[in-house]
Amino acid sequence: MTALDWTRSDKFYWHQYIDAYRQAFLTLGPVRNILEYGVFRGDSIRWLRSEFPDATIIGADIVEPADTWPREDGIRYVRLDQGDRAQVRQALESAGVTFDLVIEDGSHVPQHQALCLSETLPHVRSGGLYILEDIHTSHPEHGYYRQACSGYPSPPATCLNVLLAFQHLRATDARLTEGLAERLAAPGFFTAEELHALFRSIASVELYKRTRLPLHCCRCGSSCYDYAALLCECGAPLFQSADSMSFLIRKA
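Residues numbered from 1 in each chain as written. Predicted model: local features only at pLDDT ≥ 70, side-chain atom pairs only at ≥ 80, totals over all residues. Heavy atoms only, no water.

1. Side note on the overall build of the protein chain
Then step 1. Each helix and strand in the protein chain was counted, giving nine helices and nine strands.
Then step 2. A globule of 252 residues ought to have a C-alpha radius of gyration of about 18 Å, and the protein chain, at 18 Å, matches this closely.
Then step 3. When the backbone C-alpha atoms are referred to their principal axes, the protein chain occupies close to 50 × 45 × 35 Å.
Then step 4. For the protein chain, the proportion of its 252 residues judged to be buried stands at 51%.
Then step 5. Taking the contacts inside the protein chain whose residues are at least 6 apart along the sequence as the reference set, 67% of them involve residues at least 24 apart.
Then step 6. Of the roughly 11,900 Å² of accessible surface on the protein chain, a fraction of 52% belongs to carbon and sulfur atoms.
Then step 7. The protein chain carries 24 positive and 31 negative side-chain charges, and their two centres are separated by 3 Å. (Helix = DSSP H or I, 4+ residues; strand = E, 2+ residues; numbered from the N terminus. Rg over C-alpha atoms; globule rule 2.2 N^0.38 Å. Buried < 20%, exposed > 50% of the residue type's maximum accessible area, 1.4 Å probe, protein only. Contact = heavy atoms within 4.5 Å. Areas by Shrake-Rupley, 256 points an atom, 1.4 Å probe, with all protein chains shown as cover. Lys, Arg positive; Asp, Glu negative; His and termini not counted. Charge placed at Lys NZ, Arg CZ, Asp CG, Glu CD.)

2. Side note on the packing of aromatic side chains
Then step 1. Inspection of every chain in the model, using the stated rule, returns nine aromatic pairs.
Then step 2. Seen from their ring centres, Y152 and F189 are 5.8 Å apart, and the 50° between their planes marks the pair as tilted. Of the two residues, Y152 sits in the loop between α6 (143-149) and α7 (159-171) while F189 sits in the loop between α8 (178-184) and α9 (192-201), which places them 37 residues apart along the sequence.
Then step 3. Here F189 falls in the buried class, since its relative accessible area comes to 3%.
Then step 4. Relative to F199, the ring of F166 has its centre 5.1 Å away and its plane inclined at 65°; by these criteria the two rings are edge-to-face. With F166 in helix α7 and F199 in helix α9, the pair connects residues that are 33 residues apart, well separated along the chain.
Then step 5. Judged by relative accessible area, which is 2%, F166 ranks as buried. (Phe/Tyr/Trp six-rings, centres within 6.5 Å; stacked < 30°, edge-to-face > 60°.)

3. Some details on unusual backbone geometry
Then step 1. Phi is positive for D173, close to 55°, though the residue is something other than glycine.
Then step 2. Along the chain, D173 turns up in the loop between α7 and α8.
Then step 3. The backbone of L230 shows a phi angle near 55°, a positive value even though the residue is not glycine.
Then step 4. Relative to the elements of secondary structure, L230 occurs in the loop between β7 (225-226) and β8 (231-232).

Honestly, it's all geometry; don't read function into it.
Structural data, given as structure tokens:
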């Protein structure tokens with residue numbers, strides 16, 4: 001397996017999270033079981049295999065496995081819809097393991113991010129990591145957020161809001177009160193009970209946001225940029241407020 005196999009992953013060339021992830025991985029100890037929501041072309045699965053050659057890796061996606069997905073011992077795939085709580089629960093129960101590492105890089109729909117966090121974190125071992133990628137889709141300036149939350153009478157608290165709140169509460173040695181949980185609760189995202197369970201289950205939260213331009217464009221592959229306009233030559237924006245954010249969540 002060559003490095004080129006996984007450098008096609010947007011974790012490397014667009015978000016550039018790899019170094020931060022590797023630092024976090026050093027704290028995990030032995031990693032035996034990994035789950036990633038969202039397989040796409042399979043490049044992230046290749047990267048995970050290069051990082052953890054002895055682990056069992058499960059890739060979950062809404063589509064049937066594609067020919068481009070890596071096939072080897074210790075890698076398997078499950079088909080599920082992240083918006084279907086019963087399917088997510090069934091997949092986790094069928095796996096029958098506690099995960100050392102989970103990466104949620106699936107649909108990026110704000111409600112799906114909330115559902116998977118609530119359902120999956122109980123299946124992560126103490127001290128394990130849950131990485132919630134592309135959380136910028138839960139930012140009010142992102143199109144996914146506007147589409148997913150347009151029907152709410154007031155802006156709902158997404159995973160982005162909730163995890164930032166948890167980070168602040170931990171930093172200020174405050175607790176999640178009943179009143180705050182009720183204010184953060186929103187249909188389609190979290191109930192107050194789910195928020196309390198998450199808060200008890202999370203030891204720490206770190207938010208990473210890209211602070212440099214991507215190595216090349218995710219739309220056209222070019223690295224010919226208009227630096228003044230912060231655009232690729234194809235017109236793709238390169239540096240937006242709602243772009244390239246990832247949470248690293250440590251299980252208590």
